[in-house]
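Geometric and topological summary
One letter stands for each residue in the lines below.
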Amino acid sequence: QVQLRESGGGSVRTGGSLRLSCAASGEGVFRINYMGWFRQTPGTRREMVAEVDGDDGNKNYADSMKGRATISRDNLKNTVTLEMNDLKPSDTGVYFCNALGENAERAFTVWGQGTQVTVSA
C-alpha cells in the first residue's frame, strides 16, 4: 500500500513563505502518474492549489496561486514540493498531498494526512 508523508507547513505572517513537501512510499513496485496539493478550510471542499502530471511534467495552478507558487516533482524519488511565497490570510487551511498511480494489481489514489498552514495579518 502506498502512503504519503507530508512535511512543512506552519504559521507565517502575510507576505511570508512556506515550503511543503510530500513523499510517496510503499511496498512493491508502483508508479506515480500524478501528484498535487489541495487546500481545505472548514465547511468547504478540497480545492486544487497546484498539480503536476508525472508523464509530461505539465503543471497547473489555482488562479489564486499563480505567480506565488511553484510546484516541483522528483519522479525518481516520488516526491513533490510546493513553494509558496507572498502568502495571504486567504491561503490559510489544511493542505493535503494527493497522488494517483498504479501497481501490478490496480490503479490507486492516495491522500496524505494534511498539514496546517496559517497566515496571519
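Preceding this section is the structure that the text describes.
Nothing here was measured: the structure is a model prediction, and the numbers come from that model. (Residues numbered from 1 in each chain as written. Predicted model: local features only at pLDDT ≥ 70, side-chain atom pairs only at ≥ 80, totals over all residues. Heavy atoms only, no water.)

**Quick notes on the side chain of T81**
- Note that T81 resides in strand β8 (residues 79-84).
- In contact with T81, not counting residues within four places along its chain, are R19, L20, S21, W37, T70, I71 and S72. (Helix = DSSP H or I, 4+ residues; strand = E, 2+ residues; numbered from the N terminus. Contact = heavy atoms within 4.5 Å.)

**Some words on the state of the cysteines**
- Enumeration over the complete set of coordinates arrives at one disulfide.
- A sulfur-sulfur separation of 2.1 Å characterises the disulfide bridge that pairs C22 with C97. Handedness here is read from the sign of the S-S torsion; for C22 and C97, about -85°, the answer is left-handed. Of the two residues, C22 sits in strand β3 (residues 18-25) while C97 sits in strand β9 (residues 93-103), which places them 75 residues apart along the sequence. Comparing C22 with C97 shows no difference in burial state: the two are buried. (Disulfide = S-S within 2.5 Å. Buried < 20%, exposed > 50% of the residue type's maximum accessible area, 1.4 Å probe, protein only.)

**A short note on the environment of F30**
- When you line up the elements, F30 lands in strand β4 (residues 30-40).
- Sequence-distant contacts of F30, that is, excluding residues within four places in its chain, are made with V2, A24, S25, N78, E102, N103 and F108.

**As for unusual backbone geometry**
- Backbone geometry places N78, a non-glycine residue, at a positive phi of 55°.
- Classification of N78 by relative accessible area gives buried; the value is 12%.
- You will see that D86, though not glycine, has its phi angle at about 50°, which is positive.
- Note on placement: D86 falls in the loop between β8 and β9.

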